[in-house]
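Residues per chain, in single letters:
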Amino acid sequence: MATGHIPSYVTQADGSDFLLTFMFIFTVLVIVLIGVGYFTLHSIPEKLAHESNHPQFQLVGILALLALFTHNGLFWVAAVLVAGFQFPDVAAPLRAIADAIRSLGTERSEGPAPVQPTDHTAQQEQ
């Protein structure tokens, strides 16, 4: 009769402990879920850079790995900033100016150029 009033978390006579088993499984699941969340959080900058086909994709990946291994949040913030913003291409206007100047130079010299006879062509005419 006394065993009917014992709470369920008390160890049974056969040695099975429901509370210990439940807490073991719960602890393992919580640790795995925290690990998955941690790795998912650190992969956010790489996913952002990959989706936008970012030119500095490798830099974002390196910064994310540094943040993962050093536990330094500054690297992760830098990776998110690099992945989130496209840096302006400073060289493109300079290349356009250079191409325009180059095309102006070829337009002026398109006329017939005078042919200078060389010694070889002079000998063939004789």
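Attention here is on the structure that accompanies the text. (Residues numbered from 1 in each chain as written. Predicted model: local features only at pLDDT ≥ 70, side-chain atom pairs only at ≥ 80, totals over all residues. Heavy atoms only, no water.)

**Overview of the overall build of the chain**
At step 1: Check the secondary structure of the chain and you find six helices and zero strands.
At step 2: By residue count, 11% of the 126 residues in the chain fall in the buried class.
At step 3: Considering only residue pairs separated by 6 or more positions, the chain has 48% of its internal contacts joining residues 24 or more positions apart.
At step 4: For the chain, the exposed area adds up to about 10700 Å²; of that, 69% sits on carbon and sulfur atoms. (Helix = DSSP H or I, 4+ residues; strand = E, 2+ residues; numbered from the N terminus. Buried < 20%, exposed > 50% of the residue type's maximum accessible area, 1.4 Å probe, protein only. Contact = heavy atoms within 4.5 Å. Areas by Shrake-Rupley, 256 points an atom, 1.4 Å probe, with all protein chains shown as cover.)

**Quick word on unusual backbone geometry**
At step 1: A positive phi angle is found at His71, which is not glycine, with a value near 55°.
At step 2: With respect to the element layout, His71 can be found in the loop between α3 (57-70) and α4 (73-84).
At step 3: Take His71: its relative accessible area is 60%, and that puts it in the exposed class.

**Some remarks on the packing of helix α2 (residues 44-51) against α4**
At step 1: Between α2 and α4, whose axes approach to 9 Å, the crossing angle comes to 15°. When the interaxial angle is binned, α2 and α4 end up roughly parallel. Between α2 and α4 lies a crossing whose hand is left-handed. Packed against α2, whose contacting residues are Ile44, Pro45, Leu48 and Ala49, the element α4 presents Trp76, Ala79, Val80 and Ala83 at the interface.
At step 2: For the contact of α2 with α4, the per-class residue count stands at eight nonpolar, no polar and no charged. (Axes fitted to C-alpha atoms, helices over the stretch in contact; angles between N-to-C directions. Parallel < 35°, antiparallel > 145°, perpendicular 65-115°, else oblique. Left-handed = near helix turned anticlockwise from the far one by under 90°. Nonpolar A, V, L, I, M, F, W, Y, C, P; charged D, E, K, R; others polar.)

**Let's talk about the pattern of salt bridges**
At step 1: For the structure on display, the rule yields one salt bridge.
At step 2: Between Asp99 and Arg102 there is a salt bridge, and its shortest N-O distance comes to 2.8 Å. Here Asp99 pairs with Arg102, and both are found in helix α5 (residues 91-108), just three residues apart, close to one helical turn.
At step 3: Of the residues examined, Arg102 reaches a relative accessible area of 52% and is grouped as exposed. (Salt bridge = Lys/Arg side-chain N within 4 Å of Asp/Glu carboxyl O.)

**Things to note about the packing of aromatic side chains**
At step 1: All chains considered together, the criterion is met by two aromatic pairs.
At step 2: Both rings, one in Phe22 and one in Phe26, keep their centres 6.2 Å apart while their planes meet at 20°; by these two values the pair is stacked. One end of the pair, Phe22, and the other, Phe26, are both in helix α1 (residues 18-42), four residues apart, so they sit about a helical turn from each other.
At step 3: When its relative accessible area of 45% is taken as the criterion, Phe22 is described as partly exposed.
At step 4: With relative accessibility at 45%, the residue Phe26 sits in the partly exposed group. (Phe/Tyr/Trp six-rings, centres within 6.5 Å; stacked < 30°, edge-to-face > 60°.)

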